Amino acid sequence: MSTLRMAAVAAEFGRDLEEDFAIAERLIKEARADGVRLLALPEACLGGYLLSLDDDKELDEGPPALALDGPEIRRLAALAGEVTVVAGYCEADGDARYNSVVCVSGHGVLGNHRKVHQPLSEDASYASGDRFHAFDTPVGRIGMMICYDKAFPESARALALDGAEIGVVVSAWPGSRTNAATDLVNDRWKRRFDLFDRARALENQIVWLSANQAGTFGSLRFVGSAKVVDPGGEILADTGVEAGLAIAEIDVAQALQTARRSMGHLRDRRPETYTQAGAVSA
């Protein structure tokens, strides 16, 4: 039996990159001391998220744009050491800017994903990614996505079909913009956040690691709720709406085998039937 100890972070990150690195370093050290081998930090944890998602927002300069092969990502990899660390950042590629997530260890970059689905006015700040793919790491085969990506079943399904054993989603998921709950525990956008996490794990029968921003930034109040979910959709660890680490230990291979033994959702697919009923060609 080979278990993997993993953790998802709920924490507050802002525009000050040095401060963000200090927070990341503290969290990595804390996780390492607790035997964690896979750690997920939130979306935009290196440089902060957007101040608002409104069309009429007063724009600041936005998060610092970092090159995938630049010194900041190398710094993160050095901090990671033997831990596999997933973290969100603003990726620079020529004149384009992407809302991205990178997976690193002390050996360097293991994988990178550019957010595909953009909510509200996010596309005013970022270009869109165009693919989902899984990749191998020292802790297993991982597939990554960012925040709104998880609202689309096809995102996680594409990763599962590419062999992902662990889905890692990093978010800057806020509370509801209208009729906001005084207590985030009762917020309807938090309920959606949690429901997507459980559904995506269950329908694909994979382990699910979900990190999120906590606290506030600009006009946004984040719901926290970092968690680890097993392939049956059961929550193994959860930070609630507060900052913290959700830590769980699981035998990933055994968990997948057990979940898929009788009803294998990937095995029992019928792709030839998944077409638009009554579609008429132009």
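Residues numbered from 1 in each chain as written. Predicted model: local features only at pLDDT ≥ 70, side-chain atom pairs only at ≥ 80, totals over all residues. Heavy atoms only, no water.

**Points about the pattern of salt bridges**
Tallying each qualifying case throughout the model produces 20 salt bridges. Residue Lys 115 pairs with Glu 122 through a salt bridge whose shortest N-O separation is 2.9 Å. Comparing Lys 115 with Glu 122, the two get one shared label, buried. Put simply, Glu 203 and Arg 200 hold a salt bridge, and the shortest N to O gap is 2.3 Å. Placement of both Glu 203 and Arg 200 in helix 4 (residues 188-204) is noted, with a separation of three residues, approximately one turn of the helix. (Salt bridge = Lys/Arg side-chain N within 4 Å of Asp/Glu carboxyl O. Buried < 20%, exposed > 50% of the residue type's maximum accessible area, 1.4 Å probe, protein only. Helix = DSSP H or I, 4+ residues; strand = E, 2+ residues; numbered from the N terminus.)

**Let's talk about unusual backbone geometry**
Note: most peptide bonds trans; most residues except glycine with negative phi. Phi at Cys 147 takes a positive value of approximately 45 degrees, unusual for a residue other than glycine. By the secondary structure assignment, Cys 147 is in the loop between strand 8 (140-146) and helix 3 (153-161). Although it is not a glycine, Ser 225 sits at a positive phi angle of roughly 60 degrees. Residue position: Ser 225 is located in the loop between strand 12 (220-221) and strand 13 (227-229). Judged by relative accessible area, which is 0%, Ser 225 ranks as buried.

**Overview of the nonpolar core**
Of all hydrophobic cores here, the largest spans 37 residues; its most connected members are Met 6, Leu 38, Val 86 and Ile 166. Residue contributions to this core peak at four residues, all from strand 1 (residues 4-11). Sequence-distant contacts of Val 86, that is, excluding residues within four places in its chain, are made with Leu 38, Leu 39, Ala 40, Leu 41, Val 101, Val 102, Cys 103, Met 144, Val 168 and Val 170. One finds Ala 7, Phe 21, Ala 31 and Leu 76 within the second-largest nonpolar core, a separate group that totals 27 residues. (Core = buried A, V, L, I, M, F, W, Y, C linked by side-chain atoms within 4.5 Å. Contact = heavy atoms within 4.5 Å.)

**Some words on the confidence of the model for the protein chain**
Counting all residues, the mean pLDDT for the protein chain is 94, and 95% of those residues have values of 70 or more. For the protein chain, the element scoring lowest by mean pLDDT is strand 12, at 93; strand 2 (residues 38-40) scores highest, at 99. (pLDDT = per-residue confidence, 0-100.)

**A look at the packing of helix 1 (residues 17-33) against helix 2 (residues 71-80)**
Contact geometry of helix 1 with helix 2 gives a least axis separation of 10 Å together with a crossing angle of 20 degrees. In terms of axis orientation, helix 1 runs roughly parallel to helix 2. Like other packed secondary-structure pairs, helix 1 and helix 2 cross with a definite hand, here right-handed. Together, Leu 17, Glu 18, Phe 21, Glu 25, Ile 28 and Arg 32 of helix 1 and Glu 72, Arg 75, Leu 76, Leu 79 and Ala 80 of helix 2 make up the contact between the two elements. (Axes fitted to C-alpha atoms, helices over the stretch in contact; angles between N-to-C directions. Parallel < 35°, antiparallel > 145°, perpendicular 65-115°, else oblique. Left-handed = near helix turned anticlockwise from the far one by under 90°.)

**Quick look at helix 5 (residues 252-260)**
Listing the buried residues of helix 5 in full gives Val 252, Ala 255 and Leu 256. Seen from one end, helix 5 has its buried residues packed into an arc of 95 degrees, which puts them on one side. Contacts made by the buried residues of helix 5 are with strand 1, strand 9 (166-171), strand 10 (207-213) and strand 15 (244-250). The N-cap residue of helix 5 is Asp 251: its side-chain oxygen and the backbone nitrogen of Ala 253 are 3.4 Å apart. (Arc of directions from axis to C-beta. Polar contact = N/O pair within 3.5 Å; in protein donor to acceptor, adjacent residues only side chain to side chain.)

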